[in-house]
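# Fold and geometry: a report
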Amino acid sequence: MLKKLILASLLAISYQASTFAAPALVTDPVALTQSILQQERKWAGLESKTLKVEDFSFSYSEGGAKTAPTVLLVHGFSGSRDNWNRVARQLTKQYHVIAVDLPGHGDTIAPATFEYTLANLAEAVRKFVTTLGIQKDLHVAGHSLGGGIAVLYSALYFLEVRSVMLVDTAGVYQNAGNSLITKPQELTKLLARKEGDFEKLVTQIATYSPPFVPKEIMEGYEKIHMRHLPEQEKLMAGLTEQMKWYTPDTFHTGLKTLEAPVLVVWGEKDAVIGVEAVEEIKQNLKEGEYLILKDVGHTPILEADYPVSEAYLKFLAKAQAKPNKFAPAPTTTK
């Protein structure tokens, strides 16, 4: 999952070391990992920023021309904005790109009283979007939990959403094969509670063909991941509780409400949310395109970033060229 990130970033660091005065060796895994992530954001044409919204302090990455159409990228459970870096690198050449750390994830700071539910996360994203002033004609893309947020956001604010991309999106399904989402009690496997859990999550659950990741980098990612364990436990408890009383019909209603064109991307070997869910999504969308990636697991944006980027760019071009059916009719003069 992180192979390309590691290689690109280590090459950048090696280049710096050979070009400038030799820096002190970084031995702290967290500092090393954060340095790599910062290098990758720069490589992707992104700049790290923060935004104060009420009691939230949102961390986000921004790149591309601000005059270009805006794309909002929302990551999945236990992920961060950096999950999108490799896709964002292709987007920043033509679009204004915003990738945000959700509350309880990455570097975003949420108030201690925040209740971690899907609805509250969607509303937090809405506050971020409106404070930043990017809500008009917005292209929204979400992975996993971020896909669930994208569905809810785009259903509620359909007048402002120009297109939606759903990547292995979370939801309540009638048929998702034998994946984790059909057994809510096993979704806790997505939490890293002790040393070694994160490596299992990456190599045994999130990806189909696990990449090699140096021990120090894996350790750094694990420590960063576990900083948010209390918040993610609350979120997981809230999501599993919601799955007891939300029905597939509820999720279908959200899908049917989407007015913007939708691109659905899925890993054929997804062990978290089975590819069988795509047929269910297809039956409930007004307008959709579908890309199933062979030998890819739950994280296509990391495992297959190039085909995802290529498909998304083509989709965005069509969506951007399509007239907004909710735009006011032009006035005529006599």
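Since this is a predicted model, take the numbers as computed values, not measurements. (Residues numbered from 1 in each chain as written. Predicted model: local features only at pLDDT ≥ 70, side-chain atom pairs only at ≥ 80, totals over all residues. Heavy atoms only, no water.)

On to the packing of aromatic side chains, then. Under the criterion given, the structure shown has 9 aromatic pairs. Seen in terms of ring centroids, Y153 and Y157 are 5.0 Å apart; in terms of plane orientation they differ by 55 degrees. Their pairing is tilted. On the numbers, 6.3 Å between centres and 10 degrees between planes, the contact of F198 with Y221 is stacked. Linking F198 in helix 6 (residues 197-206) with Y221 in helix 7 (residues 215-226), this pair joins segments that are 23 residues apart in sequence. As far as burial versus exposure is concerned, F198 and Y221 are alike and both buried. Members of the aromatic cluster, connected to one another through ring pairs, are F56, F58, Y60, F114, Y116 and F128. Note that R126 overlies the ring of Y157, its terminal NZ or CZ placed 3.9 Å from the centroid. (Phe/Tyr/Trp six-rings, centres within 6.5 Å; stacked < 30°, edge-to-face > 60°. Helix = DSSP H or I, 4+ residues; strand = E, 2+ residues; numbered from the N terminus. Buried < 20%, exposed > 50% of the residue type's maximum accessible area, 1.4 Å probe, protein only. Lys NZ or Arg CZ within 6 Å of the ring centre and 35° of its normal.)

Let us look at helix 2 (residues 29-43). Under the 1.5 Å per step criterion, the end-to-end length of helix 2 is 21 Å for 15 residues, consistent within 8% with the ideal 21 Å. Listed as buried for helix 2 are P29, V30, L32, T33, I36, L37, Q39, E40 and R41. Once helix 2 ends, the next one or two residues include G45, with phi positive near 80 degrees. (Expected span 1.5 Å × (residues − 1).)

This part is about a negative patch on the surface. Side chains of D28, E195, E216 and E219 sit close together on the surface and give a patch of like negative charge. Position of E195 relative to the elements: it lies in the loop between strand 6 (161-167) and helix 6. (Patch = residues over 30% accessible without salt bridge, like charges linked within 9 Å, V, L, I, M, F, W, Y side chains within 5 Å. Areas by Shrake-Rupley, 256 points an atom, 1.4 Å probe, with all protein chains shown as cover. Salt bridge = Lys/Arg side-chain N within 4 Å of Asp/Glu carboxyl O. Lys, Arg positive; Asp, Glu negative; His and termini not counted. Charge placed at Lys NZ, Arg CZ, Asp CG, Glu CD.)

On to the environment of D197. Examined against the element boundaries, D197 turns out to sit in helix 6. D197 sits in the buried class, given a relative accessible area of 13%. Along the backbone, D197 and E222 are 25 residues apart, and their C-alpha atoms lie at a distance of 8.0 Å. Setting aside its immediate chain neighbours within four residues, D197 contacts L191, A192 and E222. (Contact = heavy atoms within 4.5 Å.)

This part covers helix 8 (residues 229-245). Taking 1.5 Å of rise per residue, 17 residues should cover 24 Å, and helix 8 covers 25 Å from first to last C-alpha, within 8% of that figure. Among all positions in helix 8, only L229, Q232, L235, M236, G238, L239, T240 and Q242 are buried. Considering only its buried residues, helix 8 is in contact with helix 4 (118-132), helix 5 (145-156) and helix 7.

Time to look at the pattern of salt bridges. A full pass over the atoms with the stated rule returns 17 salt bridges. Between R193 and E233 there is a salt bridge, with its nearest N and O atoms 2.8 Å apart. On the criterion of sequence distance, the pair formed by R193 in the loop between strand 6 and helix 6 and E233 in helix 8 is long-range, its members being 40 residues apart. Across the salt bridge formed by K286 and E259, the nearest N and O atoms sit 3.6 Å from each other. Of this pair, K286 sits in the loop between helix 10 (277-282) and strand 8 (288-293) while E259 sits in the loop between helix 9 (248-257) and strand 7 (262-267), and the two are 27 residues apart along the sequence. Residue classification places K286 among the exposed residues on the basis of a relative accessible area of 51%. Overall, E259 belongs to the partly exposed group, its relative accessible area being 23%.

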